Amino acid sequence: MTTDVRPAAVADARALAELRWEFRSGKTPPTEPREAFLDRCAAWMSLELARGAWRAWVATENGRIVGQIWLQVLSKLPNPADERERHAYISNVYVTPSARGGVGTRLLRTALDWARSNAIDRVVLWPTVRSRTMYERYGFRAAGDVLELVLP
């Protein structure tokens with residue numbers, strides 16, 4: 001079966017929301033009804049894709065979306081030194097179980113290629129235990145200079 005990777009479109013939002021439900025409800029029991037979540041998530045995804053605040057790519061098999069990756073550019077304050085002024089945050093990397101076996105890697109490679117060609121300084125993400133080795137193969141490492149505060 002041939003898998004294609006392409007930029008996500010606003011028209012993909014409902015299918016992407018369904019994949020988001022599949023991904024997150026499989027990790028943590030949902031507290032929101034499925035249809036309410038899908039409506040809310042699809043509306044958010046449509047808006048963010050239309051505004052260009054987030055970029056996303058999808059993997060398709062026979063026209064059906066089987067995977068996704070999302071990237072948000074974080075602008076840094078201007079710097080007088082020779083330093084790139086944008087970071088990227090990758091989130092929601094998910095491939096349906098039946099399509100796994102290299103599709104996540106293709107999605108990641110696509111997002112990283114975009115980041116390299118768009119003067120991104122560094123890419124950050126929070127991996128799952130299962131996905132950590134894929135990211136490490138691409139050079140991701142735990143950074144010791146980042147502090148995090150989880151707010152209640």
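Residues numbered from 1 in each chain as written. Predicted model: local features only at pLDDT ≥ 70, side-chain atom pairs only at ≥ 80, totals over all residues. Heavy atoms only, no water.

Draft legend 1. Looking closely at the layout of surface pockets. Looking at the largest pocket, its volume works out to about 870 Å³. For the largest pocket, the lining is made up of 26 residues, of which Val123, Val124, Leu125, Phe140 and Arg141 are closest to its centre. Among the elements of the structure, α3 (103–117), β5 (122–124) and α4 (132–137) are those that each provide at least two residues to the lining of the largest pocket. Tallied by class, the residues present in the lining of the largest pocket amount to 16 nonpolar, 2 polar and 8 charged. Quantified by volume, the second largest pocket comes out at close to 680 Å³. For the lining of the second largest pocket, the leading source of residues is strand β4 (residues 86–95), giving 7 residues. (1 Å grid on protein atoms, 1.4 Å probe; cavity = no way out; pocket = protein on both sides within 12 Å on 5 of 7 lines; lining within 4 Å. Points joined across faces, edges and corners; volume = space filled by probe spheres on them. Helix = DSSP H or I, 4+ residues; strand = E, 2+ residues; numbered from the N terminus. Nonpolar A, V, L, I, M, F, W, Y, C, P; charged D, E, K, R; others polar.)

Draft legend 2. Main features of the packing of aromatic side chains. Applying the stated criterion across every chain yields a total of 9 aromatic pairs. Both rings, one in Trp54 and one in Trp70, keep their centres 6.1 Å apart while their planes meet at 70 degrees; by these two values the pair is edge-to-face. Of this pair, Trp54 sits in strand β2 (residues 54–61) while Trp70 sits in strand β3 (residues 64–75); the two residues are 16 residues apart in sequence, bridging distant segments of the chain. With a relative accessible area of 11%, Trp54 lands in the buried category. Judged by its relative accessible area of 2%, Trp70 falls in the buried class. (Phe/Tyr/Trp six-rings, centres within 6.5 Å; stacked < 30°, edge-to-face > 60°. Buried < 20%, exposed > 50% of the residue type's maximum accessible area, 1.4 Å probe, protein only.)

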